[in-house]
There are 2 protein chains.
Amino acid sequence: MTCSLKYAPQLRAQGLRMTPQRVAILHVLHQTGGHLSPTQVYELARKEHPSLTEPTVYRTLEELAERKFLLAAHVGSGRMVYELAENHNHHHLICRECRAEIQIEHAALEKLFGELETSSGYRFIDSHVTFFGLCPKCQKINKGD
Amino acid sequence: MTCSLKYAPQLRAQGLRMTPQRVAILHVLHQTGGHLSPTQVYELARKEHPSLTEPTVYRTLEELAERKFLLAAHVGSGRMVYELAENHNHHHLICRECRAEIQIEHAALEKLFGELETSSGYRFIDSHVTFFGLCPKCQKINKGD
DNA sequence: TATACTATTGCAACTTCTTGCAATAAGGAA
DNA sequence: TTCCTTATTGCAAGAAGTTGCAATAGTATA
Ligand SMILES: [Mn+2]
Ligand SMILES: [Mn+2]
Ligand SMILES: [Zn+2]
Ligand SMILES: [Zn+2]
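Described below are features of the structure shown in this document. (Residues numbered from 1 in each chain as written. Chains lettered and ligands numbered in written order. Predicted model: local features only at pLDDT ≥ 70, side-chain atom pairs only at ≥ 80, totals over all residues. Heavy atoms only, no water.)

## A word on the protein's contact with DNA strand C
So, point 1. Near DNA strand C, the surroundings consist of 23 residues, among which Met18 and Tyr58 of chain A together with Gln21, Arg22 and Thr56 of chain B are the closest.
So, point 2. Protein-adjacent atoms of DNA strand C, using a 4 Å cutoff, are sugar or phosphate at a proportion of 71%.
So, point 3. Between Arg17 of chain A and DNA strand C, the recorded distance is 3.2 Å, taken from a side-chain N or O atom to a base nitrogen.
So, point 4. Within the side chain of Thr53 of chain B, a nitrogen or oxygen atom sits 3.1 Å from a phosphate oxygen of DNA strand C.
So, point 5. Looking at the surface near DNA strand C, the elements that each hand over two or more residues are helix 3 (38–48) and helix 4 (54–66) of chain A together with helix 2 (20–32) and helix 4 (54–66) of chain B.
So, point 6. Of the residues contributing to the surface near DNA strand C, the split by class is eight nonpolar, eight polar and seven charged. (Near = heavy atom within 4 Å. Polar contact = N/O pair within 3.5 Å; in protein donor to acceptor, adjacent residues only side chain to side chain. Helix = DSSP H or I, 4+ residues; strand = E, 2+ residues; numbered from the N terminus. Nonpolar A, V, L, I, M, F, W, Y, C, P; charged D, E, K, R; others polar.)

This is the structure:
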């Protein structure tokens, strides 16, 4: 609730409107805190706003991610997941085998991003990266592959 | 054609079989050379093997990627894309705005991967990463955002 | 070459995601 | 408060991707 009050002026500043659907969607993302798939958002937000539809959820998540209110990520489930962009300055490292997930501090990527920015001319502002690898456990298990 | 002959023994070594469906799928990936979505693979491979079905394409691409014959990547289209793993030691950098795409040499990531492997215990063998950023053109256009 | 084992396929039904369009409603202006 | 503009929504239809299961067909073995 409070969270949507906070976002309302920011949305309006970009020509966007604060609808009850968006209140509900922002609310579940705020309450949950972590990554949510569109379907999860839909199921949860529908409890707050029963007339909510799937196309609205997909369009809203996409729009809010484009405007940097949300971060989108692929975490290997095949489906996109979203989270509030707020206090997030992290990246993800996920085991291809068992899905074990750890966070990577943004600091660990700063040097690489700097180098790539120099050599490519691209800017990496707001990047939210997911790496895939083999976790220590799965490395042992797979030795005799 | 030649390409599937090459893969047949490698598949068998892993308990997999070389079916006409797989011949067709490998063939289009080989001919095309670049990233293809499952739907693109389906449409192209169907010309070689008309009875091919979508579930077979999805399952085959997933299986072959798991076994490292293929590389899978998200390139921002929302859909997964696949390519032959063969001579590929690259990563991708894509403009969030205009989708302009450049390749990144694997060498550019080696130091970072080394550091992350040390600090996390994960191994990054066979990683195929996609970064998103803003290309030089789009940085200029968006200055007054 | 015939047999047996089981990986792979196609089918059907389902879930997830997308798109065009007309109706609705947010919120600035009067 | 009322009116107006147009961003946003819901609907309906469709595309993309998934799953369980019975039938098929690679391939190892004899
Ligand atoms: Mn995240
Ligand atoms: Mn690639
Ligand atoms: Zn693992
Ligand atoms: Zn660009």
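Here the narrative resumes, following the displayed structure.
## A closer look at the coordination of the zinc ion (ligand 3)
All names here are of chain A.
So, point 1. Each protein donor to the zinc ion (ligand 3) is listed here as Cys95 (SG), Cys98 (SG), Cys135 (SG) and Cys138 (SG); together their distances run 2.2 to 2.3 Å.
So, point 2. The sequence motif formed by the donor residues of the zinc ion (ligand 3) is C-x2-C-x36-C-x2-C. Here Cys98 is found in the loop between strand 3 (90–95) and strand 4 (101–105), whereas its partner Cys135 is found in the loop between strand 5 (130–133) and helix 6 (136–141), with 37 residues between them in sequence.
So, point 3. According to the relative accessible area criterion, Cys135 is buried, its value standing at 5%. (Donors = N, O, S within 2.8 Å, 3.2 Å for Na, K, Ca; no water. Buried < 20%, exposed > 50% of the residue type's maximum accessible area, 1.4 Å probe, protein only.)

## Observations regarding the coordination of the zinc ion (ligand 4)
Residue and element names in this part refer to chain B.
So, point 1. Only Cys95 (SG), Cys98 (SG), Cys135 (SG) and Cys138 (SG) from the protein reach the zinc ion (ligand 4) as donors, at distances of 2.2 to 2.3 Å.
So, point 2. Note that the zinc ion (ligand 4) binds four donor atoms; their angles at the metal cover 106 to 112 degrees, and the shape is tetrahedral.
So, point 3. Each donor residue of the zinc ion (ligand 4) lies on the same chain, and together they follow the pattern C-x2-C-x36-C-x2-C. Of this pair, Cys98 sits in the loop between strand 3 (90–95) and strand 4 (101–105) while Cys138 sits in helix 6 (residues 136–141), and the two are 40 residues apart along the sequence.
So, point 4. For Cys98, a relative accessible area of 40% corresponds to the partly exposed category. (Tetrahedral: all angles 85-135°; square planar, octahedral: opposite > 155°, others 65-115°.)

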